Amino acid sequence: MERKARKQAKKAKKKGGDGNEESKQQQTGKGKTEDKEGQEESSKPKKTVKVDKTEKDMKKETNKPNKTVKVDKVKPAPTPSTSVPNKKEEKKKKTPKEPVQEKQQQTQGSEVGGDEADGATGGKSKAELKRERREKQEAQRLAKMAAKTKAVEEKQPKKKVESQADKKSSTVDKKKKGSGDAGKSGKEKSGDKKSTKRRIPLLGHLTPPALQAPHAPVNSEIIHPAVRTLGIKMKDRVIDGSTARVISTLVALKKLINDYQTPESCDLSRDLAEKLAPNVEYLNACRPQAVAMDNAIRFLKHKVNSIAPNMPEGQAKDELRTAIEDYIKENITLASSAIASHAAYLMQPNDVILTFGYSGLVCEMVEAACKNGNIVNVVVADSPQPPSGLAMVQRLASFQVPTYYRLITDITNVMDKVTKVVVEAEAVMMNGAIQGLCGTTSLALAAATYHKPFIVLCHTYKFCNNDLTDSIVVNELGDADKVVWGPKGSNAGLLAGWQETRNLNVVSLVYDVTPASLVTVLVTEQSVLPTSAVPVIIRRNYADVLGQD
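Being a predicted model, the structure only gives us computed values, none of them experimental.

Reading the values: the criteria
- Residues numbered from 1 in each chain as written.
- Predicted model: local features only at pLDDT ≥ 70, side-chain atom pairs only at ≥ 80, totals over all residues.
- Heavy atoms only, no water.
- pLDDT = per-residue confidence, 0-100.
- Helix = DSSP H or I, 4+ residues; strand = E, 2+ residues; numbered from the N terminus.
- Contact = heavy atoms within 4.5 Å.
- Axes fitted to C-alpha atoms, helices over the stretch in contact; angles between N-to-C directions.
- Parallel < 35°, antiparallel > 145°, perpendicular 65-115°, else oblique.
- Left-handed = near helix turned anticlockwise from the far one by under 90°.
- Nonpolar A, V, L, I, M, F, W, Y, C, P; charged D, E, K, R; others polar.
- Pairing = 2+ DSSP bridges.
- Right-handed = clockwise from strand over helix to strand, strands pointing away.
- Buried < 20%, exposed > 50% of the residue type's maximum accessible area, 1.4 Å probe, protein only.
- Patch = residues over 30% accessible without salt bridge, like charges linked within 9 Å, V, L, I, M, F, W, Y side chains within 5 Å.
- Areas by Shrake-Rupley, 256 points an atom, 1.4 Å probe, with all protein chains shown as cover.
- Salt bridge = Lys/Arg side-chain N within 4 Å of Asp/Glu carboxyl O.
- Phe/Tyr/Trp six-rings, centres within 6.5 Å; stacked < 30°, edge-to-face > 60°.

1. Examining the confidence of the model for the protein
Phase 1 of the analysis: Here the protein averages 75 in pLDDT, and 69% of its residues register 70 or above.
Phase 2 of the analysis: Taken element by element, the predicted model of the protein shows its lowest mean pLDDT in helix 8 (residues 184-197) (40) and its highest in strand 7 (residues 454-457) (95).
Phase 3 of the analysis: This model gives residues 59-121 a pLDDT under 50, and the stretch forms 60 contacts once residues within four places in sequence are excluded.
Phase 4 of the analysis: Of the regions scoring below 50 in pLDDT, residues 158-196 engages in 3 contacts with residues more than four places distant in sequence or in other chains.

As structure tokens, this is what we get:
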């Protein structure tokens, strides 16, 4: 009853407004006689109102103001949502460009109000209309994306054709330029290309030998002149051997420290460490560092980092210089004499010793054995490249020691007469493996086959906290051309063009690894030890140094 009373009150209010509208329509010739007929006509669905229209159609209709005159005839339905129709009609008259939007809002309000409005919108809810609009928008967006992809695909083949044409033109230009330059530079470039192409994938991680020293200005402030000369000598194998390389490296870095001056706003330890880094990298570029060199450089970096920030520059330099001198004296000079004396006690009169290549420790051991009254015969086994055993024979001959020279391929004919095999190690790993010059493992296998003791001489500063089981992971590549040419003779140079032969690779490894099971005893400056004592020595003496990067 209350709802009916409210509707009747609203109708009464509307009748007054409708009377004013009828008077206006009579003046224009379009009036109507009864208010009920106008209300019935407003309740009926008009053809001019279409809710199913899309947003684009609505925009088009709003842009056409001539068609909006017909909408003014329609009167709002008597629903609770249209409580103030006079104000809305005034807005319609003022803004004739937006009649469709207001009509749509009225129809949506009527859907919420009652069943009569549901019939006017064709039975579709507001959510359904929104869903239809979203689907249409997504379809339009997908169509745009497809058009863009097609345009991009059409452009790409054109670019590829243009790039291929540019490459062809550039190659033609290069050929024209290269035809005039047929000198030494062209040969060098061809040689470099061959060397890079013929690298074996199994040994691709190893750095090939440097043909030239890294380029750096002569008066460079970064690379010290002493370091530059040392790098060139190591590249040309003028300075060879782990012990000689360590001594020369420390001497060169000592000169760098003497010429170093700390900037005003910098700390000596930090700035000096930054100055050492490029010089060490230069040496490594000339020739890869050996394990002994790496340990010596770590020792120096550890000393530089341990300098107090308040220490004067002169005092700090003095400490670094004395540290370098003590390292060379204690770990190399005095240690070599101690190793020679320990190994000399293992020798007996009339022993025949087999060694490999040149070794300063073996020479000192033989000299110490001769001083003790033990007459020793030495057989020097040597590899064709590099023939370092000749220098060993000359030095032993100066001591008046009976010496014999053999190639490593002929040692099986001498093993019956040999009593001991003595070699020097380049490095000793944590697992007891011995890293020596390529060919040391052959002597170890021959000694194990003929049941001869295999004695290894090594300084403790060459101990490494890494484990090695093969010669591939950590090694250095030598010059393969020297292996091909070999010694002078009738067969020299038969494989000179090996780089042009398919499926032929020549490799020259500098080091090999001997397992700890083939080593009888390890002689150091501390004492004669088994290979199982290597981890103990590393933890006791070099844990702080080897832990520094």
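2. Description of the packing of helix 11 (residues 268-286) against helix 12 (residues 291-305)
Phase 1 of the analysis: The geometry of helix 11 relative to helix 12 is characterised by a closest axis approach of 9 Å and an angle of 160 degrees between their N-to-C directions. It follows from the interaxial angle that helix 11 and helix 12 lie roughly antiparallel. Crossing of helix 11 over helix 12 shows right-handed handedness. Residues Ser 269, Leu 272, Ala 273, Leu 276 and Val 280 of helix 11 form the contact with helix 12, whose own contacting residues are Ile 297, Leu 300, Val 304 and Asn 305.
Phase 2 of the analysis: Here the contact of helix 11 with helix 12 is built from residues that sort into 7 nonpolar, 2 polar and no charged.

3. Digging into the sheet that holds strand 2 (residues 376-382)
Phase 1 of the analysis: Spatial ordering of the open sheet is given by 3-2-1-4-7-9-10, a layout of 7 strands whose pairing is mixed. Of all strands in the sheet, those bounded by a partner on one side alone are strand 3 (403-407) and strand 10 (528-529).
Phase 2 of the analysis: Where strand 1 (residues 351-356) and strand 2 come together, 6 bridges link them in parallel fashion. Across the sheet, Ile 353 pairs through a bridge with Val 378, a residue of strand 2.

4. Section: the pairing of strand 3
Phase 1 of the analysis: Relative to strand 3, strand 2 runs parallel, the two being bridged by 5 bridges. Residue pairing across strands places Ala 381 opposite Arg 406, the latter belonging to strand 3.
Phase 2 of the analysis: In this view, the connection linking strand 2 to its parallel neighbour strand 3 by way of helix 15 (residues 389-398) has right-handed handedness.

5. A look at the side chain of Thr 440
Phase 1 of the analysis: Its location among the elements puts Thr 440 in helix 16 (residues 440-449).
Phase 2 of the analysis: Look at Thr 440 and you get buried, because its relative accessible area is 3%.

6. Some thoughts on the sheet that holds strand 6 (residues 434-437)
Two modes of strand pairing occur in sheets, parallel and antiparallel, and in both the strands are linked by backbone hydrogen bonds.
Phase 1 of the analysis: Spatially, 5-6-8 is the arrangement adopted by the 3 strands of the open sheet, whose pairing is antiparallel. The open sheet has two edge strands, strand 5 (427-428) and strand 8 (511-514), and neither has a second partner.
Phase 2 of the analysis: Pairing of strand 5 with strand 6 involves 2 bridges; the strand directions are antiparallel. Bridge pairing in strand 6 links Ala 427 to Gln 435.

7. A closer look at a nonpolar patch on the surface
Phase 1 of the analysis: The grouping of Leu 390, Tyr 405 and Leu 407 at the surface amounts to a nonpolar patch, some 260 Å² of accessible area in total.
Phase 2 of the analysis: With a relative accessible area of 44%, Leu 390 lands in the partly exposed category.

8. Focus on the packing of aromatic side chains
Phase 1 of the analysis: For the structure shown, the criterion picks out 2 aromatic pairs.
Phase 2 of the analysis: A centroid spacing of 4.5 Å and a plane angle of 25 degrees characterise the contact between Phe 299 and Tyr 327, whose relative ring orientation is stacked. One end of the pair, Phe 299, is in helix 12; the other, Tyr 327, is in helix 13 (residues 313-344), and 28 residues separate them in sequence.
Phase 3 of the analysis: Judged by its relative accessible area of 13%, Phe 299 falls in the buried class.
Phase 4 of the analysis: Judged by its relative accessible area of 6%, Tyr 327 falls in the buried class.
Phase 5 of the analysis: Ring geometry for Tyr 327 against Tyr 461: centres 6.0 Å apart, planes inclined by 75 degrees, an arrangement best described as edge-to-face. With Tyr 327 in helix 13 and Tyr 461 in the loop between strand 7 and helix 17 (480-485), the pair connects residues that are 134 residues apart, well separated along the chain. As far as the burial class goes, Tyr 327 and Tyr 461 line up, both buried.
Phase 6 of the analysis: Clustering of aromatic rings is evident, with ring pairs tying together Phe 299, Tyr 327 and Tyr 461.

9. Looking at the pattern of salt bridges
Phase 1 of the analysis: Taken as a whole and judged by the stated rule, the model has 13 salt bridges.
Phase 2 of the analysis: Where Asp 240 meets Arg 287, a salt bridge forms, and the shortest distance between an N and an O atom there is 3.1 Å. Placement of Asp 240 in the loop between helix 9 (225-235) and helix 10 (242-259) and of Arg 287 in the loop between helix 11 and helix 12 is noted, with a sequence separation of 47 residues between them.
Phase 3 of the analysis: You can call Arg 287 buried: its relative accessible area is 4%.
Phase 4 of the analysis: Between Arg 406 and Asp 410 there is a salt bridge, with its nearest N and O atoms 2.5 Å apart.
Phase 5 of the analysis: A relative accessible area of 34% places Arg 406 in the partly exposed class.
Phase 6 of the analysis: Residue classification places Asp 410 among the partly exposed positions, given a relative accessible area of 21%.
Phase 7 of the analysis: Taken together, the shared-partner salt bridges connect Arg 237, Asp 240, Arg 287 and Glu 476 into one network.

10. Let's talk about the pairing of strand 4 (residues 420-424)
Phase 1 of the analysis: Here strand 4 lies mainly inside the structure; 5 of its 5 residues are buried.
Phase 2 of the analysis: With burial as the criterion, each face of strand 4 is covered, one bearing Lys 420, Val 422 and Glu 424 and the other bearing Val 421 and Val 423.
Phase 3 of the analysis: Strand direction decides the pairing type here: strand 1 and strand 4, joined by 2 bridges, are parallel. When the sheet's bridge partners are listed, Leu 354 is paired in strand 4 with Val 421.
Phase 4 of the analysis: By the bridge criterion, 4 bridges tie strand 4 to strand 7 in an arrangement that is parallel. Paired with Val 422 across the two strands is Ile 455, which belongs to strand 7.

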